[in-house]
Amino acid sequence: RVDGDMALVNNGFTVGRLGRAVEEIQAYDAVLSRFGDAPELPLREQVAMALSNRGESLLRTNHLADAERAFRKAAAIAPAAMAPEVWNQLGNLLLDHVGDLTGALAAYEAGLKAREGTGDQASLHVNLAFALALFEADLTRALPHLQDALADDELSPGGRHLLNALTCIEIP
């Protein structure tokens, strides 16, 4: 069963890369209809991946409400290793496309909570700090997230320079 599910997810990804969004979404829908209620962890991972990828495709085609639903469903069923990235995707959708700052902050914080102790939190810290600093003007709350992001070795040099610049802003 897992191989069939994985093939459908891979098919969706491939046709999506070819710019065929309708076929991509149909492939992910096939995964959901065949395996959506499967209790086995490997199948749940593939279903969560299909939902997450479906959300990305819906976002690219400007179906924001459907994309949000897909990300929320993916976050609800995603295994621990995958959940933080899905929360990050949801936060980015809410912040960048819907304009829901409160929802975005909650999504980033949920991603950080889901990722506690894994050491792989830079993108969530960056996005949370960005939202707090630039949209809420709350540098006091943003600063610890900036510092945590800067401590991550995986951060790109450009991102590191930007975050270093933000940490130099004086907090009133």
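Note that the coordinates shown come from a computational prediction; the quantities given were computed from them, not determined experimentally.

Draft legend 1. A look at the overall build of the protein. Per the secondary structure count, the protein includes nine helices and zero strands. The 172 residues of the protein split such that 42% are buried. If you take every contact in the protein between residues at least 6 apart in sequence, the share linking residues at least 24 apart comes to 48%. As presented, the protein carries roughly 9,200 Å² of accessible surface, and 54% of it is formed by carbon and sulfur atoms.

Draft legend 2. Focus on the pattern of salt bridges. Going through the model one piece at a time under the given rule, you end up with seven salt bridges. Between Glu 109 and Arg 141 there is a salt bridge; the shortest N-O distance is 3.4 Å. One end of the pair, Glu 109, is in helix H6 (residues 101-114); the other, Arg 141, is in helix H8 (residues 139-150), and 32 residues separate them in sequence. A residue is classified by how much of its surface remains accessible, and Arg 141, at 37% relative accessible area, is partly exposed. Between Asp 138 and Arg 141 there is a salt bridge, with its nearest N and O atoms 3.7 Å apart. Members of the salt-bridge network, linked through shared partners, are Glu 109, Asp 138 and Arg 141.

Draft legend 3. Spotlight on the packing of aromatic side chains. Under the definition given, this model contains one aromatic pair. Aromatic side chains Phe 130 and Phe 135 sit 5.8 Å apart centroid to centroid with 75 degrees between the ring planes, which places their arrangement in the edge-to-face category. Overall, the relative accessible area of 48% leaves Phe 135 in the partly exposed class.

Draft legend 4. Main features of the environment of Leu 64. As for its placement among the helices and strands, Leu 64 is situated in helix H4 (residues 64-77). Ignoring sequence-local partners within four residues, the contact set of Leu 64 consists of Leu 59, Leu 93 and His 97.

Draft legend 5. Quick peek at the packing of helix H2 (residues 21-35) against helix H3 (residues 41-60). Relative orientation of the contacting elements H2 and H3 amounts to 150 degrees, with a least axis distance of 9 Å. Judged by the inter-axis angle, H2 sits roughly antiparallel to H3. For the pair H2 and H3, the crossing hand works out as left-handed. Touching Ala 21, Glu 24, Ile 25, Tyr 28, Asp 29, Val 31, Leu 32 and Phe 35 of H2 are Leu 43, Gln 46, Val 47, Ala 50, Leu 51, Asn 53, Arg 54, Ser 57, Leu 58 and Arg 60, all from H3. Each residue belonging to the contact of H2 with H3 can be placed in one class, and the counts come to 11 nonpolar, three polar and four charged.

Draft legend 6. Quick look at H4. Taking 1.5 Å of rise per residue, 14 residues should cover 20 Å, and H4 covers 20 Å from first to last C-alpha, within 8% of that figure. Where H4 is concerned, the buried positions are Ala 67, Ala 70, Phe 71, Ala 74 and Ala 75. Each buried residue of H4 sits inside an arc of 130 degrees when the element is viewed along its axis, so together they form one side. Among the exposed residues of H4, those pointing more than 90 degrees away from its buried face are Lys 73 and Ala 76. The elements touched by buried residues of H4 are H3 and helix H5 (83-98).

Scoring rules and cut-offs
Residues numbered from 1 in each chain as written. Predicted model: local features only at pLDDT ≥ 70, side-chain atom pairs only at ≥ 80, totals over all residues. Heavy atoms only, no water. Helix = DSSP H or I, 4+ residues; strand = E, 2+ residues; numbered from the N terminus. Buried < 20%, exposed > 50% of the residue type's maximum accessible area, 1.4 Å probe, protein only. Contact = heavy atoms within 4.5 Å. Areas by Shrake-Rupley, 256 points an atom, 1.4 Å probe, with all protein chains shown as cover. Salt bridge = Lys/Arg side-chain N within 4 Å of Asp/Glu carboxyl O. Phe/Tyr/Trp six-rings, centres within 6.5 Å; stacked < 30°, edge-to-face > 60°. Axes fitted to C-alpha atoms, helices over the stretch in contact; angles between N-to-C directions. Parallel < 35°, antiparallel > 145°, perpendicular 65-115°, else oblique. Left-handed = near helix turned anticlockwise from the far one by under 90°. Nonpolar A, V, L, I, M, F, W, Y, C, P; charged D, E, K, R; others polar. Expected span 1.5 Å × (residues − 1). Arc of directions from axis to C-beta.

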